[in-house]
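Understanding the architecture of this molecule
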Amino acid sequence: MQLPPALCARLAAGPGAAEPLPVERDPAAGAAPFRFVARPVRFSREHQFFEDGDVQRHLYLQDVLMQVADVPEKPRVPAFACQVAGCCQVFDALDDYEHHYHTLHGNVCSFCKRAFPSGHLLDAHILEWHDSLFQILSERQDMYQCLVEGCTEKFKTSRDRKDHMVRMHLYPVDFRFDKPKKSRSPASAEAPGDSGERSEGEAMEICSEPVAASPAPAGERRIYRHRSVSELVLKPVLNMCLVLRILGCTWAAALLILNSER
Amino acid sequence: MWSRRQGRLRPTVCGVEELRRRRREREAALRKARREQQLVSKRLLRDDAPEEAGEGCVAAILGETEVQQFLRQAQRGTEEKEREGALVSLRRGLQHPETQQTFIRLEGSMRTLVGLLTSNQALLQLEAARCLHELSHSEQSTVAEACLPATSYLLTYLSGHSSDFIELCLYTLGNLIVESEAVRRQLLPQGIVPALAACIQSPHVAVLEALGYALSQLLQAEEAPEKIIPSILASTLPQHMLQMLQPGPKLNPGVAVEFAWCLHYIICSQVSNPLLIGHGALSTLGLLLLDLAGAVQKTEDAGLELLACPVLRCLSNLLTEAAVETVGGQMQLRDERVVAALFILLQFFFQKQPSLLPEGLWLLNNLTANSPSFCTSLLSLDLIEPLLQLLPVSNVVSVMVLTVLCNVAEKGPAYCQRLWPGPLLPALLHTLAFSDTEVVGQSLELLHLLFLYQPEAVQVFLQQSGLQALERHQEEAQLQDRVYALQQTALQG
């Protein structure tokens, strides 16, 4: 199929519409037995017209999915330890460390050191566990927010909220991020080093009966979201290491470069 | 997109011939499935590649005791490495359908797996997710439905930060979505649409590609037009999807492919296309088409048709919306570069993927049908002859080429004057010799218009044995009337 040479130039040039030639139809054009009518055509999803393109699409997907299922070979580095205070986890692959960091130190409550899978759940936890104003307000209005992303419903008690999540959102009754606290000890009594050894069931509660004593003194300005201090230091370090990894440097080299910058 | 995938390719011992044969088989299976309207079925998404050589790639089927043992070890082992190793062994076993069945029949197995999935031991979490991913590949909907207890957690993790983990969750969700309506019926109230709308703001390309995949599976569901697409259109997803399709340095082909297909499934369901037009879909897709034509000229990359196909479909279907006519200015597609780009793509299809020619010609029809401006562009850019060169490809293509030419000719004498003299008449005499009724019928329509608006063509037609060409079809029921009418016109002229 030969295209006119000027076509590429036309594509490269600026936008524009052709000045249309005058349209002048003769009624005899559509007269029987002729039946042509110029009209745009529409095809619906199942139409056979789409068969070839759909088959190509699915062949492509098959290849992609086959490769997604493969677990990639992890590039190994000399073993190093997590730098977060109190965490003694050791790694020999940067991907593993990245995942560990995000899971355990990413969304961490600075009051009780509990880790959460997302900022959304961390915020809800801090509000419901560590904010004394929340407890006061919840006596007068519905404060327990539904935990499902995008749902704006609020409830008087955590029990009501759970019922809502089970009924409306088909969430499991034992949803692990909405479990009542087992012991009554206030959060501030827990040792900071706990987060590494927490068992699965207690890892990430959102709320329970309100905690009696808030760790913050009464006159202090309320902090709604308080990232752990270690994250403020570690995040840039992590980013730098990822950049260096992309550049092909080893972990040891990364530390060397960082140290020489101080 | 492609370079990343290649990096993860399993080494294979199959020869090129064997690969080709397998691909032909897969293609035949897909074609059959589509005709049975079963194309979204999971069994076709994962090619059951036979065990390929390589140490440790061949996993044994696990029995009930072994599954129990691995689960126990993973849950209660003392050494982290030991626990992780147990899950790895379990995952390998789960590649087999028999192990999957054993697993789901074992009481408490999914509960244990979900417990590990939600633990704060990151590596256990990852391995548990991989086990779940293996299960999601199953061809049996019972296995997919056994994964239902995990879906709320998969959705919760979409708002996390570990991109590899999120990617895995998305592919798992995508697989589960395809397999059973029961899963979809649960995922919708669990908030999959808001979760995806939040996740689509991730900067990670791999996450976006996975999200596009999951969304495309959701959109292909049979109940999608009534139950799924309205809530998607009501969310911020359409705007983000269109953003991913904007040409420029940030355009990632792998991501764009997924979202272009998502858009296609939405648009061809015809739920609320004016809304998409209002979001600028026409101009975004038009610019993307220009970009694709530019890319096609620069590179031999064979993957571009994967993106071109859905873009063509979206544009073609959108052009049928009344909103296109009424909304003025920016919303409409007027730029004649679109025609230039389309022809560059048609040439690319002609060389690399002829099966996509009808789709390109479909867009050309929809562009030219009601647009004197685009018809004029076809003439002024000298595109009639290239168009005629497509006639021999197939009957379907011939009919569409002739239809586009009719679109031009029916606009009147000013247009037909530019169609003749030229290669058109000889080409028509040639198509009149075809046996396909539709091709001949369309040729007759075009002849009629040509004779009406450019009567001088009649003489030449007669001189080139036009009457004999017509006579061949005198007996054909669908053509008789038109043949007769043309014969009369020719003899009187």
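Under an unreviewed UniProt entry, the name given to chain A is Zinc finger protein 511, and the source organism is Gorilla gorilla gorilla.

Within chain A, the secondary structure is distributed over eight helices and six strands. Helices and strands in chain A line up, N terminus first, as α-α-β-β-α-β-β-α-α-β-β-α-α-α. Taking all 262 residues of chain A together, 44% fall into the buried category. Sequence separation of 24 or more characterises 47% of the internal contacts of chain A that already satisfy a separation of 6 or more.

When the domains of chain A are assigned, the result is domain 1 (74–108) and domain 2 (119–175). For domain 1 of chain A versus domain 2 of chain A, the distance between C-alpha centres works out to 32 Å.

In this structure the tally under the stated criterion is 21 aromatic pairs over all chains. Between Tyr97(A) and Tyr101(A), the ring centres sit 6.2 Å apart and the planes meet at 50 degrees, which makes this aromatic pair tilted. Pair noted here: Tyr97(A) and Tyr101(A) are both in helix H3 (residues 94–106), with a separation of four residues, about one helical turn. Classification of Tyr97(A) by relative accessible area gives buried; the value is 3%. By the ring-pair criterion, three or more aromatic residues cluster together here, those being Tyr171(A), Phe175(A), Phe177(A), Tyr153(B), Tyr157(B) and Phe165(B).

Turning our eyes to something else, we now look at the nonpolar core. In this structure, Leu90(B), Leu158(B), Leu170(B), Leu215(B), Ile232(B) and Phe343(B) are the most contacted members of the largest nonpolar core, which totals 214 residues. Discounting residues that sit within four places of it in the chain, Phe343(B) has contacts with Met1(A), Leu3(A), Leu7(A), Leu364(B), Leu378(B), Leu383(B), Pro386(B) and Leu387(B). Val84(A), Phe91(A), Tyr97(A) and Tyr101(A) belong to the second largest nonpolar core, which has nine residues in total.

Looking now at the interface of chain A and chain B. By convention, interface size is frequently given as the accessible area that disappears when the constituent parts associate. The partner chain B presents 144 residues to the 93 residues of chain A that form the contact. For the chain A and chain B pair, buried surface summed over both sides reaches about 10600 Å², with 58% attributable to carbon and sulfur atoms. The tally of links between chain A and chain B comes to 10 salt bridges. Two residues, Arg35(B) and Glu51(A), come together in a salt bridge whose shortest N-O distance is 2.7 Å. Listing elements by their share of the side of chain A that touches chain B, those giving two or more residues are helix H1 (6–12), helix H2 (51–69) and H3 of chain A.

Another aspect to go through is the packing of helix H18 (residues 281–298) of chain B against helix H21 (residues 337–352) of chain B. Residues and elements named next belong to chain B. Relative orientation of the contacting elements H18 and H21 amounts to 45 degrees, with a least axis distance of 9 Å. With respect to their mutual orientation, H18 and H21 come out oblique. Here H18 runs over H21; the crossing is left-handed. In this structure, H18 contributes Leu289, Leu290, Leu292, Ala293, Val296 and Gln297 to the contact, and H21 contributes Arg337, Val338, Ala341, Ile344, Leu345 and Phe348. The residue inventory of the contact of H18 with H21, partitioned by class, reads 10 nonpolar, one polar and one charged.

Residues and elements named next belong to chain B. Confidence in the prediction of chain B, expressed as mean pLDDT, is 88, and 90% of residues score 70 or more. Below a pLDDT of 50 lies the segment residues 1–11, which in the model reaches 29 contacts outside its immediate sequence neighbourhood of four places, other chains included. Ignoring residues within four places in sequence, the model shows residues 41–56, a span with pLDDT below 50, making 40 contacts including any to other chains. Confidence estimates for the predicted assembly give a pTM of 0.84 and an ipTM of 0.88.

Take unusual backbone geometry next. Backbone torsion omega between Ala32(A) and Pro33(A) reads 0 degrees, so that peptide bond is classified as cis. Relative to the elements of secondary structure, Pro33(A) occurs in the loop between H1 and H2. Pro421(B) follows Trp420(B) through a cis peptide bond whose omega is 0 degrees. Among the secondary structure elements, Pro421(B) is positioned in the loop between helix H26 (413–419) and helix H27 (424–431). In this structure, Lys113(A) takes a positive phi of about 65 degrees despite not being glycine. Its location among the elements puts Lys113(A) in the loop between strand S3 (107–108) and strand S4 (115–116). For Lys113(A), a relative accessible area of 25% gives the class partly exposed.

Turning to the packing of H27(B) against helix H28 (residues 437–453) of chain B, a few remarks are in order. Residues and elements named next belong to chain B. Packing of H27 against H28 leaves a shortest axis separation of 9 Å and a crossing angle of 145 degrees. In this structure, H27 meets H28 at a crossing whose hand is left-handed. Each of Leu424, Leu425, Leu428 and Thr431 in H27 lies in contact with H28, whose residues at this interface are Val439, Val440, Ser443, Leu446, Leu447 and Leu450. Along the lines of polarity and charge, the residues of the contact of H27 with H28 split into eight nonpolar, two polar and no charged.

Here we come to the UniProt feature "domain: C2H2-type" (unreviewed entry) in chain A. Residues and elements named next belong to chain A. Under the local residue numbering, the UniProt record ascribes the feature "domain: C2H2-type" (unreviewed entry) to residues 82–105, 109–130 and 146–169. Helix makes up 50% of residues 82–105 and strand 17%. Its end C-alpha atoms lie 10 Å apart. With 42% helix and 8% strand, the stretch residues 146–169 has end C-alpha atoms that lie 10 Å from each other.

So, how was this worked out
Residues numbered from 1 in each chain as written. Chains lettered and ligands numbered in written order. Predicted model: local features only at pLDDT ≥ 70, side-chain atom pairs only at ≥ 80, totals over all residues. Heavy atoms only, no water. Helix = DSSP H or I, 4+ residues; strand = E, 2+ residues; numbered from the N terminus. Buried < 20%, exposed > 50% of the residue type's maximum accessible area, 1.4 Å probe, protein only. Contact = heavy atoms within 4.5 Å. Domains from an automatic or database assignment. Phe/Tyr/Trp six-rings, centres within 6.5 Å; stacked < 30°, edge-to-face > 60°. Core = buried A, V, L, I, M, F, W, Y, C linked by side-chain atoms within 4.5 Å. Buried area = accessible area lost by both parts, 1.4 Å probe. Salt bridge = Lys/Arg side-chain N within 4 Å of Asp/Glu carboxyl O. Axes fitted to C-alpha atoms, helices over the stretch in contact; angles between N-to-C directions. Parallel < 35°, antiparallel > 145°, perpendicular 65-115°, else oblique. Left-handed = near helix turned anticlockwise from the far one by under 90°. Nonpolar A, V, L, I, M, F, W, Y, C, P; charged D, E, K, R; others polar. pLDDT = per-residue confidence, 0-100. UniProt positions renumbered as here; feature names shortened; annotations may be inferred.

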